[in-house]
Amino acid sequence: MQNYSFFMPTRVIHGEKELVNQAGLLKQLGNKCLLVTGKTSARASGALDDAVEALTSQGIRYELFDQVENNPSLENVGAGGEAARQFKPDFILGIGGGSPLDASKAIAVLAVNDIDPEELYRNQFDNRPLPIVAVPTTAGTGSEVTPYSVLTTRELETKKSFSVPELFPRLAFLDWRYTEKLPLTITRDTALDALSHLVEGYLSQRATGTSDLFAEQGMKLWTKSLKSLREGVLPPEDRDRLLVASTLGGITISYTGTTLVHALGYSLTYYYDIPHGRANGLLMAEYLRYNAEHVPQRVTNILTWLGLNDIEEFAQIMTELSGPMVELSAEEIKQYAAKAVTTKAALQSQGEVTEEVLERILQNS
Ligand code: NAP
Ligand code: FE
């Protein structure tokens, strides 16, 4: 029998315009707010306007840090931390894809701890992070309900996460309208990230009866949007389903962590600038083949919930949504496998994950 606990402290609020309708909840977090966003999408999505309306209606003062890069680096969140230490907010409101949401978490720590951003990886801070509010504008990472912040470290030439329980956002607002203007490629890339959290969470050695519930429901919901994802035109109900599925994926990995797909995918993003979700999509079919050797019933369940006949059909869909794999040299394959093999994510995968296993997955992908 398995011992486990359930902890998901984020209040998830789903629905159109709820950020404005429930602005009173923001007031409970304080009187000063730092808004953290990427360069353009928070404005373009309409989420920033809603946030400003909500804050203004409650008399909450705010400043904007809108310099978050894709796959934010330690230096990038360091600049946000500096801005936060000057402004001294009571809480952080992050708007965007996973990059601004993860940066918000780092900034929530740096706002009250004047440390080198490198020290975030120690996962121990003198002062507790500020409360975080998360407003996703992509349907992908699930960062709005996870305690993880994934940051790029140039020193280690990869992406690495830090995590403390207080990084679970206090509030997450799921409003599909903020994802409406996502271009098709980003919609697909981020949908693949959501799927990978659901699939990897279900195949993680740390999966529990509880995490399985979220993974199963998430996959069943995700697949209802598959037809429109393939055709390239997404009606509101499919955008909404993908957003909820991605939150379910986030809840799943908040228990289970990710597995070798993420561990390998980080190198594809670091060295080839392949968007995070697409990198996962490129590796997932081969990952299912590997898992079929260890947990065949689980792989069968995944295919059933996704409404697919076999791994071949899954592979075909991954290729269709993520496009062609980059050509990797034998040397690159060795290097990426060596980098991934020691990570926690690789160790949480089924079977014994050796460098050879990872090389084979990269080779065959
Ligand atoms: P992203 O890096 O946040 O954003 C990618 C691009 O999409 C950016 O150019 C962004 O523009 C644009 N964009 C975002 N929302 C948009 C909208 N509504 N309309 C038009 N364009 C929009 O992408 P992401 O895939 O959501 O996040 C990836 C990051 O999350 C990675 O660093 C990954 O490692 C991390 N991640 C974290 C977790 C976790 O648990 N914390 C889990 C998985 C992945 P702007 O730059 O203008 O914003
Ligand atoms: Fe991810």
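You'll find the structure just up there.
Per chain, residues are indexed from 1 in the order of the written sequence. Chain labels run from A onward and ligand labels from 1 onward, assigned in the order the entries are written. A pLDDT threshold of at least 70 governs which residues receive local features in this predicted model, and a stricter bar of 80 or more applies before side-chain atom pairs are shown or counted, although totals over entire chains, interfaces and linings include all residues. Only hydrogens and water are set aside when side-chain values are computed; all heavy atoms of the structure are taken into account.

Focus: the site of ligand 1
If even one non-hydrogen atom of a residue comes within 4 Å of a molecule or strand, that residue is called near it. The full set close to ligand 1 counts 30 residues, and Thr 40, Ser 41, Gly 98, Ser 99 and Thr 138 are the nearest of them. Note that a nitrogen atom of ligand 1 is positioned 3.3 Å from one of the side-chain N or O atoms of Ser 143. Think of a polar contact as two N or O atoms within 3.5 Å of one another; within protein, one of them needs to be a possible hydrogen donor and the other a possible acceptor, and neighboring residues in sequence only count if both atoms come from side chains. One of the side-chain N or O atoms of Thr 146 is found 2.9 Å from an oxygen atom in ligand 1. Under the convention used here, a 1.4 Å probe and the Shrake-Rupley method define accessible areas, while residue burial counts only the protein chains that appear. Calculation on ligand 1 without its partners gives an accessible area of 940 Å², and the protein chains cover 89% of this total. Only runs of H or I of at least four residues qualify as helices and only runs of E of at least two qualify as strands under DSSP, and these elements are numbered from the N terminus. For the shell around ligand 1, the elements supplying multiple residues, two or more each, are helix H6 (98–110), strand E6 (148–153) and helix H7 (184–203). With five residues, the single largest contributor to the shell around ligand 1 is H6. The classification used treats Ala, Val, Leu, Ile, Met, Phe, Trp, Tyr, Cys and Pro as nonpolar, Asp, Glu, Lys and Arg as charged, and all other residues, Gly among them, as polar. Residues belonging to the shell around ligand 1 are distributed by class as follows: seven nonpolar, 17 polar and six charged.

Section: the coordination of the iron ion (ligand 2)
Surrounding the iron ion (ligand 2) are the protein donor atoms Asp 193 (OD), His 197 (NE2), His 262 (NE2) and His 276 (NE2), at 2.1 to 2.2 Å. Mapped onto the polypeptide sequence, the residues donating to the iron ion (ligand 2) form the spacing pattern D-x3-H-x64-H-x13-H. With a gap of 83 residues between them, Asp 193 in helix H7 and His 276 in helix H12 (residues 276–292) connect regions that are remote in the sequence. No difference in accessibility class separates Asp 193 from His 276, as the two residues are buried. Metal donors: N, O and S atoms at distances within 2.8 Å, or within 3.2 Å for Na, K and Ca, with water omitted from the atom set so that some sites may seem incomplete. For each residue, the accessible area found with a 1.4 Å probe, counting protein chains only, is set against the maximum for its type, and the residue is called buried under 20%, exposed over 50%, and partly exposed in between.

Quick word on the pattern of salt bridges
Should a side-chain nitrogen of Lys or Arg be within 4 Å of a carboxyl oxygen of Asp or Glu, the pair is scored as a salt bridge. Under the criterion given, the structure shown has 20 salt bridges. The partner of Asp 175 in a salt bridge is Arg 177, with the nearest N and O atoms 2.7 Å apart. The partner of Lys 220 in a salt bridge is Glu 216, and the shortest N-O contact between them spans 2.6 Å. Linking Lys 220 with Glu 216, this pair stays in helix H8 (residues 209–224), spanning four residues, or about one helical turn.

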